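The primary structure of each chain is shown beneath.
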Amino acid sequence: MGQATPRLLRPPPPTTEPFAVKWALIGTAVLFMLLFLVMPLAAVLSEAFSRGIGTYWAAITDPYTLKSVRLTLLVAAISVPLNVAFGMTAAWAIAKFEFVGKSVLITLIDLPFSVSPVIAGLIYVLMFGAQGWIGPWLIDHDIRIVFAVPGLIVATTFVTFPFVAREMIPLMQDQGTDEEEAAILLGASGWQTFWRVTLPNAKWALLYGVLLCNARAMGEFGAVAVVSGHVRGVTTTMPLQIEMLYNEYKFAASFAVASLLALLAVVTLVVKATLEWRFGEELAAVHRAPGGKV
Amino acid sequence: MSIEVRGVEKEFGGFRALDGVSLNIREGELVALLGPSGSGKTTLLRVIAGLEYATGGSVLFDGEDAGARHVRERRVGFVFQHYALFKHMTVFNNVAFGLRVKARATRPSPEEITSKVNALLNLVQVEQFGSRYPSQLSGGQRQRVALARALAIEPRVLLLDEPFGALDAKVRKELRRWLRGLHDRMGLTSVFVTHDQEEAMELSDRVAVMNRGRIEQVGSPTEVYDSPATPFVYEFLGNANRLPCRIEHGSARLGETVFTDATGLADGDGVAFVRPHDIEVTSDRLALSIPATVKQVLISGAVAKLELTMDPAPGMIEVELPRGAHWGAPFLAGQKVHWRARTARVFPASAGASPVAAPEVKAAG
């Protein structure tokens, strides 16, 4: 009987919306993506190549541009690991232990999100600058922080502070402490428990946190702009280089560097997708948690 | 190994989860901590394991203060209610965990670990699932893996928190019998927490009935069932009719009728408890019997359940008769009958704490 019934006559599944609603929703989403994500990216690329491939190549092989790329990677390479270490310990403490001042710590972690990046940059100028609190002492000891590479790193680290911790805390809190208790009872030390149980359970959150943190570290503009002092070839990261070129009316060159920055973002996405695909089975196994608890 | 719990107290922010609990568990014994939720049974288990600090009192393992040792050195096998298997590890690695985290000096070689884990997987009958993840197992299989993992460290005591709580009835029964067999073979001292009286009765050597952070009674299943020490135990274990009565001159009266003995109790209000199967029902008046009316007759499996109302009515009485006995001359709804208690127990009304659930503490979950 079931086989004889033509497919078309089967009633739609009870949980499906009518055709029109379905496509209206999908259409809206696609239109929004085109307008706000795809078109700007296309604009960047078309502007970058507007004067031909030769100009593009010249722009991205410009010594100052190459220096800015190197500097951006250096800043990210230092501030991301710092924030991974910080974010992991903070998430561990907050999700797995009860202590006085926990809510204060959570608020502090969010602070960089609520403070404007420009203010974040200014804080460091006020602290480490020539007129700042410890600026004179630094100058006496010939240590340069503001308007130098250390300043860029400090400002970037501040701005990207919350990413890792914010990704990890909800997941780790959700997982509870049963597995950690089990590990301790089985004789594991705190260190072994963290590396063998807590971290593996939170590794996907950690990975997303690192990717987001990295994307922001490479793309940060406001805070970096304040502490950089725009010394070309010394303290200009890629976003600053883009701005400087743009202000000098070198639009094609400016967009060429911008396309490089966008490329870095795409690489990040590809890395994430690849990892998900490689470890998809394990990921699924972990998320279908025993006992119905996730 | 023997366990001695001495006057243990535990407070959670003003809530007394354990209120001076003392309990002796002999070597090789299987003891059930039985009580409603919020009675403190899980908290007590966690204190014994060392997962919770006692606010007062102490726990002794073989006469030695367990508090002197860190949890990881207590060698306690613990099976969590939701198993707490390591989700990111295969079954094999879960069981091997306790062996692999040992200090190098005492850690078995990889070959020894492999053969030991395989032996354990065999013991709990999941040998074919070694390479699976916990999420790919059924509830009963997870339970067995959790047990194998706990046994891998050769624990001195085995503690189980609601070991069958998350399983369906059939698996629960099977696993219960199997666990009892395993306990007998291994000779481990075991303590398990349950709110299911049937489970406690069937599985354990002794039952500690808990209520509001205290142990109300400890004894063998027959002891606690046949001679409950407190009204709470009477009501919590099995069915019991609770009858408000008057105590006068050493006997209890319902209305005008003296219906059971209450020697040694002071005159005043009392509460009598009678089990449904300890009631005789006849159509004729007998000594000490009380008139009543049959309200309903239900046949349920091997027993006939009668509901009697008394006039003037201090409530309803449940009676269970073996179906055979009922068969000969069946009682009918509306029939006037007489009932009397074969055995009953009277408590002064002031002792009559009924099983009221205290708020569930986090640790119980």
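Since the structure is predicted, the reported quantities are computational estimates derived from the model, not experimental observations. Here the residue numbering is sequential within each chain, running from 1 through the sequence in written order. Chain letters and ligand numbers both follow the written order, the letters beginning at A and the numbers at 1. For this predicted model, a pLDDT threshold of at least 70 governs which residues receive local features, and a threshold of 80 or more governs which side-chain atom pairs are given and counted, while totals over whole chains, interfaces and linings are taken from all residues. The basis for every side-chain value is the complete set of non-hydrogen atoms in the structure, without hydrogens or water.

(A) Structural view of the overall build of chain A. Each helix is a run of H or I in the DSSP string that is no shorter than four residues. Each strand is a run of E no shorter than two, and both are numbered from the N terminus. Broken down by element type, chain A carries 14 helices and zero strands. When its helices and strands are written in sequence order, chain A yields α-α-α-α-α-α-α-α-α-α-α-α-α-α. Within these notes, the globule rule equals 2.2 Å times the number of residues to the 0.38 power, and the radius of gyration is based on C-alpha atoms. In terms of overall size, chain A is more extended than a compact globule, its C-alpha atoms giving a radius of gyration of 25 Å where 294 residues would be expected to give roughly 19 Å. Summarising its shape, the C-alpha atoms of chain A cover approximately 85 × 60 × 30 Å along the three principal directions.

(B) Quick look at the layout of surface pockets. Only protein atoms enter the 1 Å grid used here. Points where a 1.4 Å probe fits but cannot escape make up a cavity, open sets with protein on both sides within 12 Å along at least five of seven lines make up a pocket, and a residue lines them when an atom lies within 4 Å of a point. Grid points are joined across faces, edges and corners, and a volume is the space filled by probe spheres set on the points. Of the volumes computed, that of the largest pocket is approximately 1,200 Å³. Forming the boundary of the largest pocket are 37 residues, of which Glu181 of chain A together with Gly50, Leu51, Glu52 and Tyr53 of chain B lie nearest the centre. Those elements giving two or more residues to the lining of the largest pocket turn out to be α3 (63-96), α8 (162-175), α9 (178-185) and α10 (190-219) of chain A together with β1 (3-12), α1 (41-49) and β4 (56-61) of chain B. No other element matches α3 of chain A, which puts four residues into the lining of the largest pocket. Residue type decides the class: Asp, Glu, Lys and Arg count as charged, Ala, Val, Leu, Ile, Met, Phe, Trp, Tyr, Cys and Pro as nonpolar, and the leftover types, Gly among them, as polar. Its residues placed into classes, the lining of the largest pocket shows 15 nonpolar, 10 polar and 12 charged.

(C) Molecular detail of the side chain of Arg74 of chain B. Residue and element names in this part refer to chain B. One can find Arg74 in the loop between β5 (64-65) and β6 (76-79). Throughout, exposure labels follow a simple rule: accessible area from a 1.4 Å probe, protein chains only, divided by the maximum for the residue type, with under 20% read as buried, over 50% as exposed, and the rest as partly exposed. Only four residue types enter the charge count, namely Lys and Arg as positive and Asp and Glu as negative; His and the chain termini do not. Salt bridge, as used here, is a side-chain nitrogen of Lys or Arg placed within 4 Å of a carboxyl oxygen of Asp or Glu. There is no salt bridge for the buried Arg74, and the closest opposite charge comes from Asp65, which lies 6.5 Å off by N-O distance. In this description, contact between two residues means that some pair of their heavy atoms is separated by no more than 4.5 Å. Other than its neighbours up to four places away in sequence, Arg74 contacts Val47, Ile48, Ala49, Gly50, Phe61, Ala66, Gly67, Arg69 and Arg156.

(D) Seen up close, empty space enclosed by the protein. Residues and elements named next belong to chain B. This model, assessed by the stated rule, comprises five cavities of 30 Å³ or more. Here the second largest cavity defines a volume of roughly 60 Å³. Forming the boundary of the second largest cavity are Leu30, Leu151, Leu158, Leu160, Leu179, Leu182, His183, Met186, Leu188 and Ser190. Those elements that provide at least two residues to the lining of the second largest cavity are β7 (157-161) and α5 (169-186). The dominant element in the lining of the second largest cavity, judged by the number of residues it contributes, is α5, at four residues. Taken together, the residues of the lining of the second largest cavity break down into eight nonpolar, two polar and no charged.

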